[in-house]
Amino acid sequence: MPMQMGFRWYGEGNDSIKLSDIKQIPGVTSIVWALHHKQPGEVWEKEEIAQVQKQLEPYGFNMDVVESVNVHDDIKVGLPTRDQYIENYIQTMRNLKEFGVKVICYNFMPVFDWTRTDLFHPLPDGSTALFYEKDLIQDDPRAMADYILKNLNGMTFPGWEPERMARLDELFEMYRPVTKEKLWENLKYFLEKLMPVCHECDIKMAIHMDDPPWDIFGLPRIYTCRENMRRIVELVDSPYNGLTLCSGSLGSSPCNDIPALVREFGGEGHIHFAHVRNIKFTGPGRFEEAAHLSGDGSLDLYEIMKAYYDVGFEGYIRPDHGRMIWDEKGRAGYGLYDRALGASYLNGLWEAIQKNNIQRNGQNGAAAV
Ligand code: CS2
Ligand code: MN
């Protein structure tokens, strides 16, 4: 299977972007979707999944990648109730299998998903982008949650469910005994239960890294660098236990060399899903999200795409967060225009890399890895 370009869509009635608009972005074949009205831990019913299938069908998009089936906090904390939630997760996987789903992206971040201190940070070109400044969020998770919820304009954002945010104190209390080692154990327990089902359903699990890749509010974070990536893939030895490599999340820590990580883990077949975007460091613990173009940020997108090409990557790629440009109003990071530019740029890089290889190595374009 060749690389497939995906585009994240938040669903009918929950996204201002229409599937007919996404259809007009050249080269996008896959809608990265989820049932965003579901709380973590709930079973996704077949009828609900069938509705999404029906919406995608007229456009010829596949629904191979789900991002995310969120993991209930009791699983991350390791409470006795986790077994029931794991059962529910497994039922969801069996239901997803009937619709041909191939990859589930998920994360194992305590309490929050991604975290930013400004969702609409003005850039010199007049656009806005997601922004992070470590010093602004040192000790007040409530202020951060309130800020994010206020700026979602009534839209859902996974990991920031208002129901969960209303229980923030309780959640922090729950996570108090959860050390990093405990979180590792709980991830292993979860994956061990899932692997036989992954095998049966032919569904790959692809954990998304922590964003930003360091501890926040004293909560442990375990997917932040190369060493952790190695530990994750070794936690349970199965081709179904893999990674989502998000260049922007991992790349916000300058010690992570993304092309090298793609070559190492992609070369071993551990990367099932790639999020490719750029970020610009503006100081230690500070970054803003840039346009995808290499020249606009701190990451070299050509080298990243080349690494994917060279390892013979056959999974799914999507552009990640975009800036808000051309007066678009919408979900922060997930507008139409800049992500469409991102997809086209990534496809352009891919074509150039591929043709260059074909010229050098003959018809199959196989690279000398
Ligand atoms: C996403 C993550 O918007 C983003 O940063 O890449 O929120 C991702 O969907 C989750 O962490 C996966 O569970
Ligand atoms: Mn990502």
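It should be noted that the structure appears before, not after, this text.
Residues numbered from 1 in each chain as written. Chains lettered and ligands numbered in written order. Predicted model: local features only at pLDDT ≥ 70, side-chain atom pairs only at ≥ 80, totals over all residues. Heavy atoms only, no water.

## Looking at unusual backbone geometry
Here comes step 1: Of note, the bond from glutamate 67 into serine 68 is cis; its omega dihedral lies within 30 degrees of zero at -5°.
Here comes step 2: Within the secondary structure, serine 68 sits in the loop between strand S3 (65-67) and helix H3 (73-77).
Here comes step 3: The omega angle of the peptide bond from aspartate 211 to proline 212 is -5°, so this bond is cis rather than trans.
Here comes step 4: Looking at where proline 212 falls in the secondary structure, it is placed in the loop between strand S7 (204-208) and helix H9 (226-235).
Here comes step 5: One non-glycine residue, aspartate 202, adopts positive backbone phi at about 55°.
Here comes step 6: Its place among the elements puts aspartate 202 in the loop between helix H8 (180-201) and S7. (Helix = DSSP H or I, 4+ residues; strand = E, 2+ residues; numbered from the N terminus.)

## A look at the coordination of the manganese ion (ligand 2)
As a benchmark, a tetrahedral metal site with four donors has ideal angles of 109.5 degrees, while an octahedral site with six donors has ideal angles of 90 or 180 degrees.
Here comes step 1: For the manganese ion (ligand 2), the protein coordination sphere consists of His208 (NE2), Cys246 (SG), His275 (ND1) and Asp320 (OD), at 2.2 to 2.5 Å.
Here comes step 2: Coordination of the manganese ion (ligand 2) draws on donor residues from a single chain, spaced H-x37-C-x28-H-x44-D in sequence. Within this pair, whereas histidine 208 is found in strand S7, its partner cysteine 246 is found in strand S8 (residues 241-246), the two being separated by 38 residues in sequence. (Donors = N, O, S within 2.8 Å, 3.2 Å for Na, K, Ca; no water.)

## Some remarks on a nonpolar patch on the surface
Here comes step 1: Taken together, the side chains of Trp326, Tyr337 and Leu341 define a hydrophobic patch exposed on the protein surface, amounting to about 330 Å² of accessible area.
Here comes step 2: Mapping tryptophan 326 onto the fold places it in the loop between strand S12 (316-319) and helix H13 (337-361).
Here comes step 3: For tryptophan 326, a relative accessible area of 57% gives the class exposed. (Patch = residues over 30% accessible without salt bridge, like charges linked within 9 Å, V, L, I, M, F, W, Y side chains within 5 Å. Areas by Shrake-Rupley, 256 points an atom, 1.4 Å probe, with all protein chains shown as cover. Salt bridge = Lys/Arg side-chain N within 4 Å of Asp/Glu carboxyl O. Buried < 20%, exposed > 50% of the residue type's maximum accessible area, 1.4 Å probe, protein only.)

## Comments concerning the site of ligand 1
Here comes step 1: Around ligand 1, a shell composed of 16 residues is seen, among which Glu67, Ser68, Asn107, His321 and Tyr334 lie nearest.
Here comes step 2: Here serine 68 contributes a side-chain N or O atom positioned 2.5 Å from an oxygen atom of ligand 1.
Here comes step 3: One of the side-chain nitrogen or oxygen atoms of histidine 275 is found 3.5 Å away from an oxygen atom of ligand 1.
Here comes step 4: Among the elements that make up the shell around ligand 1, the one with the highest residue count is strand S4 (residues 103-107) (three residues).
Here comes step 5: Tallied by class, the residues present in the shell around ligand 1 amount to five nonpolar, five polar and six charged. (Near = heavy atom within 4 Å. Polar contact = N/O pair within 3.5 Å; in protein donor to acceptor, adjacent residues only side chain to side chain. Nonpolar A, V, L, I, M, F, W, Y, C, P; charged D, E, K, R; others polar.)

## Overview of the packing of helix H11 (residues 258-267) against helix H12 (residues 301-310)
Here comes step 1: One way to put it is that H11 packs onto H12 with a least axis distance of 8 Å and a crossing angle of 10°. In this view, H11 runs roughly parallel relative to H12, as classed from their interaxial angle. Here Ile258, Pro259, Val262 and Arg263 of H11 lie close against H12, whose contacting residues are Glu303, Ile304, Lys306, Ala307, Tyr308 and Asp310.
Here comes step 2: Residues of the contact of H11 with H12, tallied by class, amount to six nonpolar, no polar and four charged. (Axes fitted to C-alpha atoms, helices over the stretch in contact; angles between N-to-C directions. Parallel < 35°, antiparallel > 145°, perpendicular 65-115°, else oblique. Contact = heavy atoms within 4.5 Å.)

## Quick look at the sheet that holds S7
Here comes step 1: Ordered in space as S2-S1-S12-S9-S8-S7-S4-S3, the eight strands form an open sheet in which the pairing is parallel. The outermost strands of the open sheet, each flanked by one partner alone, are strand S2 (28-32) and S3. Along the sheet, successive strands turn relative to each other by an average axial angle of 30°, direction set aside. (Pairing = 2+ DSSP bridges.)

## Some thoughts on the sheet that holds strand S6 (residues 128-133)
Here comes step 1: Overall, antiparallel pairing links the four strands, which are arranged S5-S6-S11-S10 in an open sheet. Two strands lie at the open edges of the sheet, namely strand S5 (118-122) and strand S10 (279-283), each paired on one side alone. Strand-to-strand twist of the sheet, defined as the mean angle between neighbouring strand axes without regard to direction, takes the value 35°.
Here comes step 2: Pairing geometry for S6 and strand S11 (residues 286-289), over three bridges, is antiparallel. Along S11, the bridge assignment pairs glutamate 133 with arginine 286.

## As for the state of the cysteines
Here comes step 1: All chains considered together, the criterion is met by zero disulfides.
Here comes step 2: No disulfide involves cysteine 198; its sulfur sits 7.5 Å from that of cysteine 201, the nearest cysteine.
Here comes step 3: Accessibility expressed as a relative area gives 0% for cysteine 198, which makes it buried. (Disulfide = S-S within 2.5 Å.)

## Some words on the side chain of histidine 292
Here comes step 1: Looking at the secondary structure, you find histidine 292 in the loop between S11 and H12.
Here comes step 2: Polar side-chain contacts of histidine 292 include one of 3.2 Å to the backbone oxygen of valine 276.
Here comes step 3: Ignoring sequence-local partners within four residues, the contact set of histidine 292 consists of Val276, Arg277, Asn278, Leu301, Pro319, Asp320, His321, Asp338, Gly342 and Tyr345.

## Here we look at H8
Here comes step 1: The end-to-end C-alpha separation of H8 is 30 Å, in line with the 32 Å expected for 22 residues at 1.5 Å each.
Here comes step 2: The largest bend along H8 measures about 35° and falls at leucine 194, with the proline proline 196 one to four residues further on.
Here comes step 3: Residues of H8 that are buried: Leu183, Trp184, Asn186, Leu187, Phe190, Leu191, Leu194, Met195, Val197, Cys198 and Cys201.
Here comes step 4: Looking at the buried residues of H8, the elements they touch are H3, helix H4 (82-97), S4, S7, H9 and S8. (Expected span 1.5 Å × (residues − 1). Bend = angle between axes of the 7 residues up to and from the residue.)

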